[in-house]
Amino acid sequence: MANEVKTIGILTSGGDAPGMNAAIRAVVRTALANGLKVKGIRRGYSGLLEEDIVDMDAKSVSDIIQRGGTILYTARSKEFMTTEGQDKAAEICRKHGIDGLVVIGGDGSFRGAADLAVRGINTVGIPGTIDLDIACTDYTIGFDTAVNTAMEAIDKVRDTSTSHERCSIIEVMGRKAGYIALWCGIANGAEDILVTERYDYDEQKIIDKIIERRKSGKKHYIIVNAEGIGDSNNMAKRIEAATGMETRATIIGHIQRGGSPTCIDRVHASAMGAYGVELLCKGATNRVVGYRDGKYVDYDVKEALAMTKDIDQYLYDMSKTLSR
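Residues numbered from 1 in each chain as written. Predicted model: local features only at pLDDT ≥ 70, side-chain atom pairs only at ≥ 80, totals over all residues. Heavy atoms only, no water.

In this section: the side chain of T70. Among the structural elements, T70 can be located in the loop between strand 3 (53-56) and helix 3 (83-95). For T70, a relative accessible area of 12% gives the class buried. Side chain to side chain, T70 and T12 meet in a polar contact 3.0 Å long. When residues no more than four places from it in sequence are discounted, the contact partners of T70 are T12, D16, M20, N21 and I24. (Helix = DSSP H or I, 4+ residues; strand = E, 2+ residues; numbered from the N terminus. Buried < 20%, exposed > 50% of the residue type's maximum accessible area, 1.4 Å probe, protein only. Polar contact = N/O pair within 3.5 Å; in protein donor to acceptor, adjacent residues only side chain to side chain. Contact = heavy atoms within 4.5 Å.)

What follows deals with the packing of aromatic side chains. According to the stated counting rule, one finds four aromatic pairs in the structure shown. Look at Y45 and F80: their rings are 4.0 Å apart centre to centre, the planes differ by 5°, and that puts the pair in the stacked class. Of this pair, Y45 sits in helix 2 (residues 44-49) while F80 sits in the loop between strand 3 and helix 3, placing them 35 residues apart in sequence. F80 carries the same exposure label as Y45, and that label is buried. (Phe/Tyr/Trp six-rings, centres within 6.5 Å; stacked < 30°, edge-to-face > 60°.)

Ordered by their spatial adjacency, four strands build an open sheet running 7-8-6-9, and the pairing between neighbours is parallel. Looking at strand neighbours, the two that pair on one side only are strand 7 (192-194) and strand 9 (247-251), the edges of this open sheet. Within the sheet, the average angular offset between the axes of one strand and its neighbour, ignoring direction, is 15°. As defined by bridge partners, strand 6 (residues 167-172) adjoins strand 8 (residues 221-226) across six bridges and the pair is classed as parallel. Within strand 8, the residue paired with S168 across the bridge is I222. Docked against the sheet, helix 5 (residues 143-163) engages strand 6, strand 8 and strand 9, running at close to 165° with respect to strand 6. Packed onto the sheet, helix 8 (residues 232-243) meets strand 6, strand 7, strand 8 and strand 9 and runs at close to 170° relative to strand 9. (Pairing = 2+ DSSP bridges. Axes fitted to C-alpha atoms, helices over the stretch in contact; angles between N-to-C directions.)

And the structure:
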């Protein structure tokens, strides 16, 4: 049974995402408004095990809503993945009076929160990942900023690609999920979009399409490639050799994780942070906050992790139609 919460701890875990600071701010100020104490845990579960824990007040989160990254820093911890590490983390929470914990991160972070929940620490997870790959929610903190950052970068690459009559392969983030690639491919008018969920690794089809387009007078060609497919540099060499068209690869990389969050990321992150605290105040534990069908909702962690998610088939099919 869940315990009454008097002190909330907050940490960010896994990859950083624009909007995490907005969520941190909302957690701290909502908790304080409900008469709770707040402790910030630096560097995720790794920092928890090292007791890198600080008291937080309203001033601690002043002037951070517009900042990218996370003021609490983030890290991954091999020690916390062990039973001994989880036991130690729960004892450290109790030592510091932390009886409620808000974890901002992805699926792996939520599994860690569930491990603490069974050890008596009330936990709530908030989805923070630019990949949009958490199945229980239509929105994850950071995706909107990341996809806009990538879109603007691809627009710039297109300008120079057009000037030099090149084929450009532009690799965006998304190791296991192609949402950034799909959205950017549509928004940037790419001729080909390669997403991990659908790519069949038939490179010859891409080559044939480029040759056909060149015969019809097309001067440049844009391919948006998801990180999970990778091999963009070697793909560029193979395509150039097969088509005779100068081909360059651009890997956008970690700029997609940084930058000032968009209005959408700030508002959703703030609402999710506040919602998470409200759940803890009601005595809930082992929950994940989500946004579904225009409403903020919550799920049991086990239920949430059992869900699966695929890219939107309509958007994918539409992207094929529009690239003809």
